[in-house]
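# Summary of structural features
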Amino acid sequence: MGGERLIQLENGDQIAFEEYGDLTGTPVMFCHGWPSSRTMAQLTNDAARDLCIHIISPDRPGISGSSFQPNRRLLEWPPIVAQLADHLGLAEFRMLAISGGAPYAYSAAWLMPERVRAIAIVSGAPPIADLADHSGLLRLYRWMLKLRRTSPELLRILFHGARPFAARRIPIRLRPLILKFLHPSDAAVLRDSAAFEACFESARRAWRGSVEGVMIDAQVYAEPWGFRLEDVNVPVRLWHGKQDRAFSFRLADEIAKRLPNCEARYVEGAGHYSLPIRHMRDILADLIAA
C-alpha cells in the first residue's frame with residue numbers, strides 16, 4: 001500500500017517491510033514463502049481491508065530489501081519480529097504464514113508466546129530435518145535435498161545459473177506453459193493476472209535482491225528448527241489443501257497431531273496456490289477469531 005519501509009535493527013542491519021489492509025486494524029505479521037518476498041502479502045490486501053486487519057509483511061534477511069545475514073538460523077528470526085513489532089508499537093499480534101513462511105511463524109510462536117496471540121499456517125512447510133521419508137515433498141525439493149548432501153557445490157552453481165532467468169518477468173505468452181506443471185486447481189487460479197503477479201513478482205524480487213539470500217533462506221528448511229512442534233502452545237489454525245503437491249496432505253496431518261493447540265482445516269480440491277488465493281478471507285477471519 002505505502003511501499004517499502006525500513007527499520008534498523010539493533011545490530012545495524014536493515015529490514016524492509018510493507019503494510020496492507022487496514023492500517024488501524026488488528027495486527028497480523030505475514031511470513032512469505034520461498035523463494036518469495038514481502039509483496040506476496042498482496043494476496044491478503046482486499047480481505048484484510050474488509051476485515052479491518054493490518055498486515056505487516058517483512059522481507060527476511062538477505063531477501064529483496066533486507067540486509068544479508070550469512071549463515072543465519074531460524075531462531076534468529078523471532079528477535080527481528082519483536083524489534084519490528086516494537087517499532088510499530090505492537091504489544092501483541094497474530095501471524096499468518098504461507099508455504100515456506102511456516103517455520104518462521106512457528107519459531108516466533110514458540111519463543112514469544114506472550115506476544116503472539118495465534119498463528120495461521122497455510123500450505124505450510126514441515127520440519128524437513130525430522131522427516132524419515134521425503135516422498136511427501138515436491139520432487140524439486142527432494143532433488144535439492146539430495147544435491148545438498150552429495151554435491152553442495154553443484155547445487156550452488158545451479159542456484160547462480162538460475163538467477164538470470166528467475167529474476168526476469170515471465171512473458172505473458174509463456175505463462176500457459178508454466179501453468180501446465182501445476183495441479184489443475186492451482187493453474188486455474190493463477191490464470192488470473194493479479195494472482196499470478198502476486199505470487200511470481202514476489203519471487204522475482206527475492207532473486208533480484210541476492211542469490212545468496214535465496215540460498216540461505218532455502219538452507220534454513222533443511223536444518224533442525226531448534227525446538228519441538230509439541231512445545232508450540234499458542235493457538236494454531238492449520239490450513240492445507242488435499243491436492244497440495246509441494247507438501248502433501250499427509251505431512252500436514254502429521255504436523256497437526258504434534259501441535260498441542262491446533263485446529264486443522266483440510267480443503268478438498270485445493271492445491272498449494274489455490275488455497276491461499278481462494279480462501280484468504282476465511283483464513284484471516286479464522287485467525288483473528290482465535
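Keep in mind it's a predicted model, so treat the numbers as computed, not measured.

Helix and strand counts for the protein stand at eleven helices and eight strands. Relative to the compact-globule value of 19 Å for 290 residues, the protein shows a C-alpha radius of gyration of 18 Å, a close match. Considering only C-alpha atoms, the protein reaches an extent of 45 × 45 × 40 Å along its principal axes. Across the 290 residues that make up the protein, the buried fraction comes to 56%. Taken as two groups, the 35 positive and 32 negative side-chain charges of the protein have centres that lie 7 Å from each other.

Bringing the packing of aromatic side chains into the picture now. A full pass over the atoms with the stated rule returns ten aromatic pairs. Between tryptophan 34 and phenylalanine 159, the ring centres sit 6.4 Å apart and the planes meet at 65 degrees, which makes this aromatic pair edge-to-face. One end of the pair, tryptophan 34, is in the loop between β3 (26-31) and α1 (45-50); the other, phenylalanine 159, is in helix α5 (residues 152-166), and 125 residues separate them in sequence. In this structure tryptophan 34 comes out as buried when scored by relative accessible area, which is 16%. Judged by centre distance (6.3 Å) and plane angle (20 degrees), the ring pair of phenylalanine 200 and tyrosine 273 falls under stacked. Within this pair, whereas phenylalanine 200 is found in helix α8 (residues 193-209), its partner tyrosine 273 is found in the loop between β8 (262-267) and α11 (274-289), the two being separated by 73 residues in sequence. Among the residues examined, tyrosine 273 registers a relative accessible area of 25% and is labelled partly exposed. Among the aromatic side chains, those forming a connected cluster through ring pairs are Tyr106, Trp110, Trp225 and Phe227. Between the NZ or CZ atom of arginine 60 and the centre of the ring of tyrosine 104, over which it lies, the distance is 4.1 Å. The ring of phenylalanine 249 is capped by lysine 242, whose NZ or CZ atom sits 5.4 Å from the centre of that ring.

If you walk across this open sheet you meet the eight strands as β1-β2-β4-β3-β5-β6-β7-β8, and the pairing is mixed. The strands lining the two open edges of the sheet, one partner per strand, are β1 (5-8) and β8. Direction aside, neighbouring strands of the sheet carry axes that sit 25 degrees apart on average. Two strands pair when backbone bridges link them, and β1 and strand β2 (residues 14-21) are joined in this way by four bridges, in the antiparallel orientation. Counterpart to glutamine 8 in the pairing with β2 is glutamine 14.

Moving on, we come to the environment of glutamate 230. Note that glutamate 230 resides in the loop between α9 (211-222) and β7 (236-241). With a relative accessible area of 30%, glutamate 230 lands in the partly exposed category. Put simply, glutamate 230 and asparagine 261 are 31 residues apart on the chain and 9.2 Å apart in space, counted from C-alpha to C-alpha. Apart from residues lying up to four places away in sequence, glutamate 230 is in contact with Arg258 and Pro260.

The rules behind each value
Residues numbered from 1 in each chain as written. Predicted model: local features only at pLDDT ≥ 70, side-chain atom pairs only at ≥ 80, totals over all residues. Heavy atoms only, no water. Helix = DSSP H or I, 4+ residues; strand = E, 2+ residues; numbered from the N terminus. Rg over C-alpha atoms; globule rule 2.2 N^0.38 Å. Buried < 20%, exposed > 50% of the residue type's maximum accessible area, 1.4 Å probe, protein only. Lys, Arg positive; Asp, Glu negative; His and termini not counted. Charge placed at Lys NZ, Arg CZ, Asp CG, Glu CD. Phe/Tyr/Trp six-rings, centres within 6.5 Å; stacked < 30°, edge-to-face > 60°. Lys NZ or Arg CZ within 6 Å of the ring centre and 35° of its normal. Pairing = 2+ DSSP bridges. Axes fitted to C-alpha atoms, helices over the stretch in contact; angles between N-to-C directions. Contact = heavy atoms within 4.5 Å.

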